Amino acid sequence: MRFDTIIRNGTVATASDTFVCDIGIRDGRIAALSTELEDADEVIDATGLFVLPGGIDSHVHLDQPSGDGIVMADDFDSGTRSAAIGGNSTVLAFCMQEKGQTLREALKVYHEKAQGKCHVDVAFHLVITDPTPEVLGQELPALVEDGYTSLKVFMTYEGLRLRDDQILDTLDAARRTGALVMVHCENEDAIRYLIGRHEEEGKFAPKYHATTRPIPAEREATHRALSLAEIVDVPIVIVHVSNREAMEEIRRARQRGQKIAGETCPQYLMLTADDLDRDALEGAKYVCSPPPRDKASQDACWEGLEQNVFDLFSSDHCPFRYEDVHGKLNEKGKRHFRWIPNGIPGVATRLPILFSEGVMKGRITLNQFVAQTATNHAKLYGLYPRKGTICVGADADLALWDPNRQVTITNDILAHGSDYTPYQGVEVRGWPVRLFVRGNSVMESGAMVEEAPSGHYLSRQRSSLVSKPA
Ligand code: URP
Ligand code: ZN
Ligand code: ZN
Ligand code: ZN
């Protein structure tokens, strides 16, 4: 057989195995795994490199409106470019339903935003903010059939949060259709109460974002979401877990027999609430929800990864420009933390941080790394085995990693639209040096090879957590 490309002699790792072999690519797919493959248009020597499934980042916010005239720092062009620089071949972005909008209308808007702009493959989660009987009863079943098989609900944020009865209705619709629900777990009423108390006490600095969103507000909501899912009898994903108490809720629910997935993110391993207290409003750069906690919480999130309590390690990339956050566009944010948009950039740094801090420091295995950054995302969100693994027939989405490349993270190498990275100056060992998406060489040595966006939209199957619709 003649191949388009052979990647020769790399150390290939999947979620289960590590082995040295050649990979033959033909027509965008992996056509052979063997030793001593010959005969290709291009042969790439991967001796001394790891060849991993391209990263799948299943929690990425791109080009969403944020109110007050502040726009997200990444559209689908810059956001997916940054994803590629960081070794990702697929991202799952959010399609935000506005109140009163149908899901189809929302999807039309986001497909237009993404059309012709994506440098890696892309799919959408639906964010349900208006769970009317029509949306849940008529639209959702058809959309799940059309390949939109996951959705997110919020328990916090004015205007986005759902009440418990609405969450139950949404979970029930998911049970009927076989959709997978992701839940943002923080108790909005408790947060509002605490914001009121902070206002009485004249506490307005960025650091108070963290103290108005304490661990019990996350733990309670996590427990409630899991309980509601248990009552409805439907799987859920608890996203962006920041601390031990929420993590233990997941562990306990699983021990009870619930089918659930847990996710944590780099910010909960690398940052703490102290970062929100940096000088002169610098703390605004670290405002995200749930907020980063403390050293003990970091250790707990590591434990959750080591012990596979977390299936998913995602970026929750939600980029803003510091200039906008505290520049002329947002005078309000300077006066009160509640007007600082929530979210930090991280789609390019997710993989190098976990590789360096996790694999190179011996906390997780290379195979866990692959599972938590690619394979589990593909399985849970209905892309497996086309995506997320290295096997014959899969898309040739491959990241070549140099485990010895030492990099100091600086904002200028990340290709995102933010004017900062929360990980400025962090030194990592191991870096993705080359990326293939469906066999196309997309990124090499930190630069895009192909400037023309060649990403595809991905229609998805149902989640591996959802056996079949009831
Ligand atoms: O602060 C965050 N995480 N912003 C992004 C939106 C979300 O809740 O995931
Ligand atoms: Zn969230
Ligand atoms: Zn998010
Ligand atoms: Zn194409």
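Residues numbered from 1 in each chain as written. Chains lettered and ligands numbered in written order. Predicted model: local features only at pLDDT ≥ 70, side-chain atom pairs only at ≥ 80, totals over all residues.

Caption draft 1: Examining the sheet that holds strand 12 (residues 260-264) more closely. Judged by pairing direction, the sheet is parallel, and its eight strands sit side by side in the order 6-7-8-9-10-11-12-13 without closing on themselves. Of all the strands in the sheet, just strand 6 (55-60) and strand 13 (312-313) have a single pairing partner and so form its edges. Pairing between strand 12 and strand 13: two bridges, direction parallel. Its bridge partner being in strand 13, T264 is matched across the sheet by F313. Seen against the sheet, helix 1 (residues 76-85) touches strand 6, strand 7 (88-96) and strand 8 (121-127) and runs at an angle of roughly 145° to strand 7. (Pairing = 2+ DSSP bridges. Helix = DSSP H or I, 4+ residues; strand = E, 2+ residues; numbered from the N terminus. Contact = placed C-beta atoms within 7 Å. Axes fitted to C-alpha atoms, helices over the stretch in contact; angles between N-to-C directions.)

Caption draft 2: Examining the UniProt feature "modified residue: N6-carboxylysine" (unreviewed entry) in the protein more closely. UniProt's feature table lists "modified residue: N6-carboxylysine" (unreviewed entry) at K152, given in the numbering used throughout. Among the secondary structure elements, K152 is positioned in strand 9 (residues 150-154). Residue classification places K152 among the buried positions, given that 22 C-beta atoms sit within 10 Å. Those residues in contact with K152, other than ones at most four positions away along the chain, are F94, H125, V127, M182 and H184. (UniProt positions renumbered as here; feature names shortened; annotations may be inferred. Buried ≥ 20, exposed ≤ 12 C-beta atoms within 10 Å, placed from the backbone.)

Caption draft 3: Region of the structure containing the domain arrangement of the protein. Structurally, the protein comprises domain 1 (3-52 + 391-416 + 426-448) and domain 2 (55-367). Computed over C-alpha atoms, the centres of domain 1 and domain 2 are 29 Å apart. On the side of domain 2, 30 residues touch domain 1, which itself brings 24 residues to the contact. For the side of domain 1 that touches domain 2, the elements supplying multiple residues, two or more each, are strand 14 (398-408), strand 15 (427-437) and strand 16 (440-444). (Domains from an automatic or database assignment.)

Caption draft 4: Inspection of the pairing of strand 15 at higher detail. Among the 11 residues of strand 15, eight are classified as buried, and the element is accordingly described as predominantly covered. The hairpin turn running from strand 15 into strand 16, its antiparallel successor, is two residues long, and R438 in that turn takes a positive phi close to 50°.

Caption draft 5: Representation of the site of ligand 1. Taken together, H61, H184, H240, C288, S289, D316, C318, N342 and G343 make up all the residues around ligand 1. Here the residues of the shell around ligand 1 are counted per class, giving two nonpolar, six polar and one charged. (Near = placed C-beta within 6 Å. Nonpolar A, V, L, I, M, F, W, Y, C, P; charged D, E, K, R; others polar.)

Caption draft 6: A look at helix 3 (residues 133-145). Taking 1.5 Å as the rise per residue, helix 3 with 13 residues should run 18 Å; its terminal C-alpha atoms sit 18 Å apart, in good agreement. The largest bend in helix 3 comes to about 40°, at E139, with the proline P141 one to four residues further on. V135, L136, E139, L140, L143 and V144 are the residues of helix 3 that are buried. Its buried side turned inward, helix 3 meets helix 2 (103-114), strand 8 and helix 4 (164-177). Of the residues flanking the end of helix 3, it is G147, one or two places downstream, whose phi is positive at about 100°. (Expected span 1.5 Å × (residues − 1). Bend = angle between axes of the 7 residues up to and from the residue.)

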